[in-house]
Amino acid sequence: METLLFILVFIAAYFLGSLSISIFMSRTLLGGDVRKMGSGNAGATNMARVFGMSAGVLTLGGDMCKTAIAMLLGYTLLGDGGMATAGIACMLGHCYPVLHGFKGGKGVSAGAAIALCMDWRVGLLVVAVFAAAAFSTKKVSFGSICAALSLPVGALVFGVSQPRCALAIVSMCLVVIRHKANIKRLINGTEPDFKPGKSKQLKKD
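Residues numbered from 1 in each chain as written. Predicted model: local features only at pLDDT ≥ 70, side-chain atom pairs only at ≥ 80, totals over all residues. Heavy atoms only, no water.

How would you explain the packing of aromatic side chains if you had to name every residue and give the values?
Overall, the coordinates contain 1 aromatic pair when judged by the stated rule. For the pair Tyr14 and Phe15, a centre-to-centre distance of 5.7 Å together with 85 degrees between the ring planes defines the contact as edge-to-face. Given a relative accessible area of 15%, Tyr14 falls into the buried group. Residue class for Phe15 comes out partly exposed when judged on its relative accessible area of 41%. The positively charged end of Arg178 is found above the aromatic ring belonging to Tyr96, 4.9 Å away from the centroid. (Phe/Tyr/Trp six-rings, centres within 6.5 Å; stacked < 30°, edge-to-face > 60°. Buried < 20%, exposed > 50% of the residue type's maximum accessible area, 1.4 Å probe, protein only. Lys NZ or Arg CZ within 6 Å of the ring centre and 35° of its normal.)

Here is the structure:
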């Protein structure tokens, strides 16, 4: 029975993660698919780059909320193991959404929610690392990668449970893998600085 419950939590969290806030907003409210603009990524950074900071912040908040809801569901039903299962599944859904042809975000907003839900101290550490790295270089991708690398470090330093440590490691790996192209550009010195676009009005009926 418990195994079946883990499977159901995984499936539910994956589909919740597949609900892409950026794709919904860009298609229905802003008049275009964000995956066909800017960097082509369905994440908060590209939303901010294409549609302005307001759209980026709303996307970030929405993606973090869906991840937190999934983790709360998993924790309520199955404790830390359920939380870790739901967190991993939701991030997979966010990065590879079956509802949108497996073309999603890079896991940064989901990873931020995972860090905060795992342990508020880990969350603060990850946010601080991101802010320091991103603002000092003006490259959100570099900040995201550094933040991801700090996630398992924070989990170990603050002594979270084994399931939460496993979640931190898997989350780090997913974010780094999704930033593979960015890493190449960072090494080659061709990664562009982050510049938010002008805010666009919602599409009128």
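Describe the pattern of salt bridges, with residues and values.
In the structure shown here, the tally under the stated rule is 7 salt bridges. Among the salt bridges present, the one from Asp33 reaches Arg35, with a minimum N-O distance of 2.9 Å. Between Glu191 and Arg185 there is a salt bridge, with the nearest N and O atoms lying 2.6 Å from each other. Among the residues examined, Arg185 registers a relative accessible area of 31% and is labelled partly exposed. (Salt bridge = Lys/Arg side-chain N within 4 Å of Asp/Glu carboxyl O.)

Kindly report on the packing of helix H4 (residues 53-95) against helix H5 (residues 108-118), identifying the contributing residues and their values.
Packing of H4 against H5 leaves a shortest axis separation of 7 Å and a crossing angle of 40 degrees. One way to sum up the angle between H4 and H5 is to call them oblique. Between H4 and H5 lies a crossing whose hand is right-handed. Counted together, Leu60, Asp63, Met64, Thr67, Ala68, Met71, Met83, Gly87, Met91 and His94 of H4 and Ser109, Ala110, Gly111, Ala112, Ala113, Ile114, Leu116 and Cys117 of H5 form the full contact between these two elements. (Axes fitted to C-alpha atoms, helices over the stretch in contact; angles between N-to-C directions. Helix = DSSP H or I, 4+ residues; strand = E, 2+ residues; numbered from the N terminus. Parallel < 35°, antiparallel > 145°, perpendicular 65-115°, else oblique. Left-handed = near helix turned anticlockwise from the far one by under 90°. Contact = heavy atoms within 4.5 Å.)

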